[in-house]
Amino acid sequence: MAWLEITLQTAGENIDAAAAALTAAGFSDLVIEDQQEFETFLEGNRDYWDYIDEDLQQHLQGLSQIKLYLEDSDSAGLEKLKKTAEKLGLPMVVEPMADTNWEESWKDNYPPQEVGEKLIVLPYWLAEEETPRQKVILDPGLTFGTGAHPSTQMVMEEMEVAVKP
């Protein structure tokens, strides 16, 4: 199924009203990208974070927009969205999205990770990859994660020294 990504540009002070109007018009699952909202969230939740994702902060610099997604065959929905955007006075950009197998695309975020001198952490779908390193095969998810956490890597580095064949 092919999708369209629709981006509506707005001013930060108007973003909540624009989102409410879109929701009232029947559009849900809005993605709000707003620098001020991000900074407000950070300030209100200082107790829960110890660093800020600088790439995300840079991406949001000066940004105030709403994104939503429609099937490319939904011409009635697209027309309704155009009329709603016109009423709100919001510029709208429509871009076709590359055809992606969404059920499998999450795997792209789990590349092999070399740890220590001899180990390599591989997600289970890459278990057959050729490598000179000793493989540690994981099912990345809630149970164990990806092997990227520093404490996990430190344990593996110590195991590398302590465990002998």
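As shown above, the structure is provided for reference.
Quick summary incoming for the structure in this document. (Residues numbered from 1 in each chain as written. Predicted model: local features only at pLDDT ≥ 70, side-chain atom pairs only at ≥ 80, totals over all residues. Heavy atoms only, no water.)

## Some remarks on the sheet that holds strand S2 (residues 31-34)
Within a sheet, neighbouring strands are paired by backbone hydrogen bonds and run either parallel or antiparallel to one another. The four strands lie next to each other as S2-S3-S1-S4, forming an open sheet whose pairing is antiparallel. The sheet is open, and its two borders are formed by S2 and strand S4 (92-96), each paired with just one other strand. Averaged over all adjacent pairs, the angle separating strand axes in this sheet is 20 degrees, with direction ignored. Summarising the sheet, strand S1 (residues 3-9) and S4 pair through five bridges and their orientation is antiparallel. Across the sheet, the residue bridging to Thr7 is Val93, located in S4. (Pairing = 2+ DSSP bridges. Helix = DSSP H or I, 4+ residues; strand = E, 2+ residues; numbered from the N terminus. Axes fitted to C-alpha atoms, helices over the stretch in contact; angles between N-to-C directions.)

## Looking at the pairing of strand S6 (residues 119-123)
By the criterion of burial, S6 is predominantly enclosed, with five of the five residues buried. Burial along S6 is two-sided: the face carrying Leu119, Val121 and Pro123 and the face carrying Ile120 and Leu122 are both buried. In this sheet, S6 lies alongside strand S5 (residues 113-115) in antiparallel orientation, the contact comprising three bridges. Along S6, the bridge assignment pairs Glu114 with Ile120. Counting the residues between successive antiparallel strands, the hairpin from S5 to S6 contains three residues, one of them, Gly116, with a positive phi of roughly 65 degrees. Where S6 meets strand S7 (residues 134-138), five bridges bridge the pair, whose relative direction is parallel. Paired with Pro123 across the bridge in S7 is Leu138. (Buried < 20%, exposed > 50% of the residue type's maximum accessible area, 1.4 Å probe, protein only.)

## Thoughts on the sheet that holds S7
Pairing is mixed across the open sheet formed by three strands, whose spatial order is S5-S6-S7. The open sheet is flanked by S5 and S7, the only strands paired with a single partner. Taking the axes of each pair of neighbouring strands and ignoring which way they run, one obtains an average angle of 30 degrees across the sheet.

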